[in-house]
Amino acid sequence: QVQLAESGGGLVQAGGSLRLSCAASGSIFRINAMGWYRQAPGKQRELVAAIISGGPTNYADSVKGRFTISRDNAKNTVDLQMSSLIPEDTAVYYCNLNGRTRSWATIGDYWGQGTQVTVSS
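These numbers were taken from a predicted model, which means no experiment stands behind them.

A. Representation of the overall build of the chain within the structure. A count of helices and strands for the chain gives zero helices and eleven strands. In the chain, the succession of helices and strands from N to C terminus is β-β-β-β-β-β-β-β-β-β-β. Scaling as 2.2 N^0.38, a compact globule of 121 residues should have a C-alpha radius of gyration of about 14 Å, and the chain matches this with 14 Å. The dimensions of the chain, computed from C-alpha atoms along their principal axes, are 50 × 25 × 20 Å.

B. Expanded view of the packing of aromatic side chains. Inspection of every chain in the model, using the stated rule, returns one aromatic pair. Consider the rings of Tyr 37 and Trp 111, whose centres lie 5.0 Å apart with planes at 75 degrees: the pair is edge-to-face. With a gap of 74 residues between them, Tyr 37 in strand E4 (residues 30–39) and Trp 111 in strand E10 (residues 108–111) connect regions that are remote in the sequence. According to the relative accessible area criterion, Tyr 37 is partly exposed, its value standing at 23%. With a relative accessible area of 35%, Trp 111 lands in the partly exposed category. The lysine or arginine in question, Arg 45, covers the ring of Tyr 94, its NZ or CZ lying 3.7 Å from the ring centre. Stacked on the ring of Trp 111, the Lys or Arg Arg 45 has its end atom at 4.6 Å from the ring centre.

C. Highlighting the side chain of Ser 27. With respect to the helices and strands, the residue Ser 27 is situated in the loop between strand E3 (18–26) and E4. Within the structure, Ser 27 has its side chain in polar contact with the backbone oxygen of Thr 101 (distance 3.2 Å). Those residues within four positions of Ser 27 in sequence are excluded, and the remaining contacts are Gln 1, Val 2, Thr 101 and Arg 102.

D. Representation of the pairing of strand E8 (residues 77–82) within the structure. Counting buried positions along E8 gives five out of six residues, so the element sits mostly inside the fold. In this sheet, E8 lies alongside E3 in antiparallel orientation, the contact comprising six bridges. Residue pairing across strands places Leu 18 opposite Met 82, the latter belonging to E8. With six bridges connecting them, strand E7 (residues 67–72) and E8 associate as antiparallel partners. In the sheet register, Phe 67 faces E8, and the bridge partner there is Met 82. Here E7 hands over to E8 after four residues, with Asn 76 in that stretch at a positive phi of 55 degrees.

E. Region of interest: the pattern of salt bridges. The final tally for this structure, using the stated rule, is five salt bridges. One salt bridge connects Asp 89 with Arg 66, and the closest N-O pair in it is separated by 2.7 Å. Within this pair, whereas Asp 89 is found in the loop between E8 and strand E9 (91–100), its partner Arg 66 is found in the loop between strand E6 (57–59) and E7, the two being separated by 23 residues in sequence. Note on Arg 66: relative accessible area 15%, which makes it buried. A cluster of three or more residues bridged by salt bridges with shared partners is formed by Arg 38, Glu 46, Arg 66 and Asp 89.

Reading guide: rules and limits
- Residues numbered from 1 in each chain as written.
- Predicted model: local features only at pLDDT ≥ 70, side-chain atom pairs only at ≥ 80, totals over all residues.
- Heavy atoms only, no water.
- Helix = DSSP H or I, 4+ residues; strand = E, 2+ residues; numbered from the N terminus.
- Rg over C-alpha atoms; globule rule 2.2 N^0.38 Å.
- Phe/Tyr/Trp six-rings, centres within 6.5 Å; stacked < 30°, edge-to-face > 60°.
- Buried < 20%, exposed > 50% of the residue type's maximum accessible area, 1.4 Å probe, protein only.
- Lys NZ or Arg CZ within 6 Å of the ring centre and 35° of its normal.
- Polar contact = N/O pair within 3.5 Å; in protein donor to acceptor, adjacent residues only side chain to side chain.
- Contact = heavy atoms within 4.5 Å.
- Pairing = 2+ DSSP bridges.
- Salt bridge = Lys/Arg side-chain N within 4 Å of Asp/Glu carboxyl O.

Okay, structure coming up:
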């Protein structure tokens, strides 16, 4: 099994910054990508940012220029630096790992429990 431990959420005023961190542990054979998703009340879960093994990154249009994703391959961690936060960024943020637990295993998506980010106006 894969465990994802998230930290760093909280309450911040608009214009402020927060940094989310996620550490993966457990049975990990290969990671294809790690990233962050978010889900606001009454809305579907959406991609915020992801980083593919090898380096390419992908950001939601709404966070480009404000959020930066980074990854430490040796430690199996992924961070999300969030700046210039706006109330619309309020959501539960989930860490995601896409990969295999064994060489013969199918590729799967693994999720953290989520961390709340609240941006006050």
